[in-house]
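So the chains spell out like this:
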Amino acid sequence: MEMREPDPDRSGLARLFELHRGEVRRFLVARCGSPEDADDLLQDMWVRIAATTVGPIGNGRAYLFRIANNLVLDAARARQRAMRRDRGWVEADGEFDDAIDERPDRATPADEALARKQEAALLEHVIAGLPAGAQRALRLHRIEELSQSDVAQVMGISRSGVEKHLAVAMKHLRRALHDCGWYAPVASGDEETGTAGGSTGKAQPMNRKPA
Amino acid sequence: MNTDPGTSTSSMRDIVETAAQWHVASACDDMDWDGFTAWLEADPAHARAYDEIALADGLIDEHRPALLETEEAAFVAPSRTRVRLALAVAAVLAVAISLPALLVGKETVYRTEAAGRHIALEDGSAIDLAPHSQLSISGRRHDRMALSGGAYFAIQHDPARQLLITAGPIGLRDIGTRFDVQRDGTSVRVAVSEGRLTASSDGLDEPIALDAGKALRIDGETALGFVTPVRPETVGEWRAGHLSYQNAPLALVAGDLARYAGVQIAVPVSLRSRTFSGTLALGDGRTAAHDLAQLLGLALRDDRGGFVMEPAGR
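Residues numbered from 1 in each chain as written. Chains lettered and ligands numbered in written order. Predicted model: local features only at pLDDT ≥ 70, side-chain atom pairs only at ≥ 80, totals over all residues. Heavy atoms only, no water.

Draft legend 1. Focus on the overall build of chain A. Counting its regular elements, chain A contains eight helices and zero strands. By residue count, 45% of the 211 residues in chain A fall in the buried class. Taking the intrachain contacts of chain A between residues at least 6 apart in sequence as the baseline, contacts between residues at least 24 apart amount to 57%. A total accessible area of about 10,200 Å² is found for chain A, and carbon and sulfur atoms account for 53% of it. (Helix = DSSP H or I, 4+ residues; strand = E, 2+ residues; numbered from the N terminus. Buried < 20%, exposed > 50% of the residue type's maximum accessible area, 1.4 Å probe, protein only. Contact = heavy atoms within 4.5 Å. Areas by Shrake-Rupley, 256 points an atom, 1.4 Å probe, with all protein chains shown as cover.)

The structure is reproduced here in structure tokens:
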């Protein structure tokens with residue numbers, strides 16, 4: 001604990017990582033429910049951080065937790081996509097054009113495009129049916145990509161008011177997706193053998209050893 | 001965030017409620033990651049509920065282009081116009097009332113369309129406001145400015161004046177310098193060509209002093225700041241008709257070209273993490289778009305008056 005003030009240059013992130021490794025690991029274990037998965041993700045984080053040339057100068061600790069949380073989400077998304085493909089739901093992640101031809105055993109491109117449209121239509125339907133405040137907050141924040149504080153300004157309400165609206169919107173979305181069987185049926189922590197890393201923003205093949 | 005550490009006896013409804021709150025809070029800098037960890041540890045069902053919420057929300061990212069189109073359609077449909085106008089009015093009001101009431105003198109708002117604008121201030125300071133940008137100046141001593149879009153500032157240093165320039169999430173102070181600011185929503189770049197200034201933001205632990213040759217980028221998505229070197233002579237060079245980049249995210253470059261060259265380039269999610277280094281001549285926009293694609297080894301497809309960037313050779 002001798003490094004209280006990680007400096008903001010290139011080695012800052014790596015130092016931060018060492019400094020907070022314990023608590024980030026604890027978070028990852030709680031988040032993905034398995035120490036083995038947590039250690040794999042921690043390794044992924046280390047690789048990403050070692051490759052970063054400029055250090056964050058903002059809240060570095062929060063940054064590490066955010067990376068960790070995103071890695072877990074990436075893995076969850078990958079599982080969800082695989083399940084959706086198998087069941088006729090479709091994923092794209094912007095790269096489906098490349099991937100379609102390599103999956104002749106899956107749904108055909110036409111089916112996929114249709115399923116994707118259905119997914120978008122479902123989202124639109126759910127959003128249109130949201131309570132007014134929640135709908136407006138969600139559109140501004142998640143579709144028009146305003147920050148939560150900008151949304152608060154535009155709507156003339158407090159930040160916590162925006163958070164409440166957004167939470168309502170999230171609950172509605174989840175409910176609707178749940179009701180139409182969108183979620184992977186396997187959801188319990190100890191059955192999640194397919195957890196893997198991958199990096200935010202890039203759909204990478206998973207290179208984890210089989211569980 | 002005052003969140004009950006849920007227990008296994010909590011109803012699913014409560015768990016989902018709390019999961020949604022945590023997810024919404026996780027976008028903010030003041031997220032209580034320790035509290036979140038404790039909540040997750042309390043019951044494995046918590047992580048599952050959180051996953052479901054986050055996956056549902058993530059679906060919006062995947063379908064944002066389609067959802068945006070729907071919004072655009074709603075914008076022109078007569079039935080929705082009033083709603084949108086109300087929103088616009090609210091936005092204008094919000095800008096006006098967001099300034100500390102004591103400091104607001106007469107507010108002057110400069111707004112540019114396709115052409116930029118030169119603004120000269122009484123004290124000898126000058127501002128070049130970029131195309132498609134807005135700058136409001138208020139305060140009794142013209143010492144409060146708020147920017148969206150881009151501007152190059154050449155500010156006379158006056159120790160008696162507490163000039164504050166806000167651009168999205170950041171505030172700039174202690175200014176006696178020449179510098180360029182670009183703000184898109186919550187993403188902001190500040191590059192200093194002469195002198196120095198201090199930048200502060202909720203996302204920064206403490207204010208940062210930026211000297212000539214330094215640039216600060218605050219990433220809107222992660223609310224993180226990065227300081228990088230910049231060649232002082234390239235700061236504000238959009239005024240001379242070109243733009244230089246060092247490892248800039250492609251989406252950021254596309255945003256600049258929309259503002260400065262009036263060309264719309266859609267960047268698919270799969271290419272958003274690509275970065276660009278180099279200089280682009282703005283020209284008529286089409287040229288800049290083609291140069292960018294060529295330098296990155298990507299292809300351009302015409303699309304409704306603009307372009308879509310895509311992987312080459314498809």
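The structure having been displayed, the exposition proceeds.
Draft legend 2. Broad picture of the sheet that holds strand β18 (residues 306–311) of chain B. Residue and element names in this part refer to chain B. On the basis of which strands lie adjacent, the open sheet formed by three strands has the order β15-β18-β17 and mixed pairing. Edge positions in the open sheet fall to β15 (265–266) and β17 (298–303), since each of these has one partner strand only. As paired elements, β15 and β18 share two bridges and run parallel to each other. Directly across from Ile 265, in β18, lies its bridge partner Phe 307. (Pairing = 2+ DSSP bridges.)

Draft legend 3. Quick look at the packing of helix α8 (residues 159–179) of chain A against helix α1 (residues 12–25) of chain B. For the pair α8 of chain A and α1 of chain B, interaxial distance at closest approach is 9 Å and the crossing angle is 125 degrees. Put simply, α8 of chain A runs oblique to α1 of chain B. As for the relative orientation of α8 of chain A and α1 of chain B, their crossing is right-handed in sense. Facing α8 of chain A, whose interface residues are Glu 163, Leu 166, Ala 167, Met 170, Lys 171 and Arg 174 of chain A, α1 of chain B presents Met 12, Val 16, Glu 17, Ala 20, Gln 21, His 23 and Val 24 of chain B. (Axes fitted to C-alpha atoms, helices over the stretch in contact; angles between N-to-C directions. Parallel < 35°, antiparallel > 145°, perpendicular 65-115°, else oblique. Left-handed = near helix turned anticlockwise from the far one by under 90°.)

Draft legend 4. Geometry of the packing of helix α5 (residues 250–261) of chain B against helix α6 (residues 286–296) of chain B. Residue and element names in this part refer to chain B. Here α5 crosses α6 at 165 degrees, and the two axes come no closer than 11 Å. In this view, α5 runs roughly antiparallel relative to α6, as classed from their interaxial angle. In this structure, α5 meets α6 at a crossing whose hand is right-handed. Where α5 abuts α6, its residues Leu 250, Val 253 and Leu 257 lie against Ala 288, Leu 292 and Leu 296.

Draft legend 5. Main features of helix α6 (residues 132–143) of chain A. All names here are of chain A. For α6, which comprises 12 residues, the first-to-last C-alpha distance of 15 Å matches the rise-based estimate of 16 Å (1.5 Å per residue) to within 8%. Of all 12 residues making up α6, nine are buried, and the element is well covered by its neighbours. Along α6, the residues classified as buried are Ala 134, Gln 135, Ala 137, Leu 138, Arg 139, Leu 140, His 141, Arg 142 and Ile 143. Positive backbone phi, at 60 degrees, marks Glu 145, one or two positions downstream of α6. (Expected span 1.5 Å × (residues − 1).)

Draft legend 6. Local environment of the packing of aromatic side chains. On inspection of all chains with the given rule, the structure shows 13 aromatic pairs over all chains. Centroid distance Phe 27 of chain A to Trp 33 of chain B: 5.6 Å. Interplanar angle 85 degrees. Geometry classified as edge-to-face. On the criterion of chain membership, the pair formed by Phe 27 of chain A in helix α1 (residues 12–32) and Trp 33 of chain B in helix α2 (residues 33–42) is interchain, its members lying in two chains. Judged on exposure class, the residue Phe 27 of chain A and its partner Trp 33 of chain B are both buried. Taken together, the ring pairs connect Phe 27 and Phe 65 of chain A together with Trp 22, Trp 33, Phe 36, Trp 39 and Tyr 50 of chain B into an aromatic cluster. The ring of Tyr 152 of chain B has Arg 239 of chain B lying over it, and the distance from NZ or CZ to the ring centre is 3.7 Å. (Phe/Tyr/Trp six-rings, centres within 6.5 Å; stacked < 30°, edge-to-face > 60°. Lys NZ or Arg CZ within 6 Å of the ring centre and 35° of its normal.)

Draft legend 7. Region of the structure containing the pattern of salt bridges. All names here are of chain B. Tallied over the entire structure, the rule returns 25 salt bridges over all chains. With a shortest N-O distance of 2.7 Å, Arg 64 and Asp 61 are connected by a salt bridge. Taken together, the positions of Arg 64 and Asp 61, both in helix α3 (residues 44–76) and three residues apart, correspond to about one turn of that helix. A relative accessible area of 7% means that Arg 64 is categorised as buried. Two residues, Arg 189 and Asp 256, come together in a salt bridge whose shortest N-O distance is 2.8 Å. With Arg 189 in strand β9 (residues 187–194) and Asp 256 in helix α5, the pair connects residues that are 67 residues apart, well separated along the chain. (Salt bridge = Lys/Arg side-chain N within 4 Å of Asp/Glu carboxyl O.)

Draft legend 8. Structural context of the environment of Leu 282 of chain B. Residue and element names in this part refer to chain B. Structurally, Leu 282 is set in the loop between β16 (275–281) and α6. Taking the relative accessible area as the measure of exposure, Leu 282 reaches 6% and is therefore buried. Here the alpha-carbon distance between Leu 282 and Gly 241, two residues 41 residues apart in the chain, equals 5.4 Å. Beyond its immediate stretch of four places on either side in the chain, Leu 282 contacts Trp 238, Gly 241, His 242, Leu 243, Leu 257, Tyr 260, Ala 261 and Ala 288.

Purely geometric numbers; function is a separate question.
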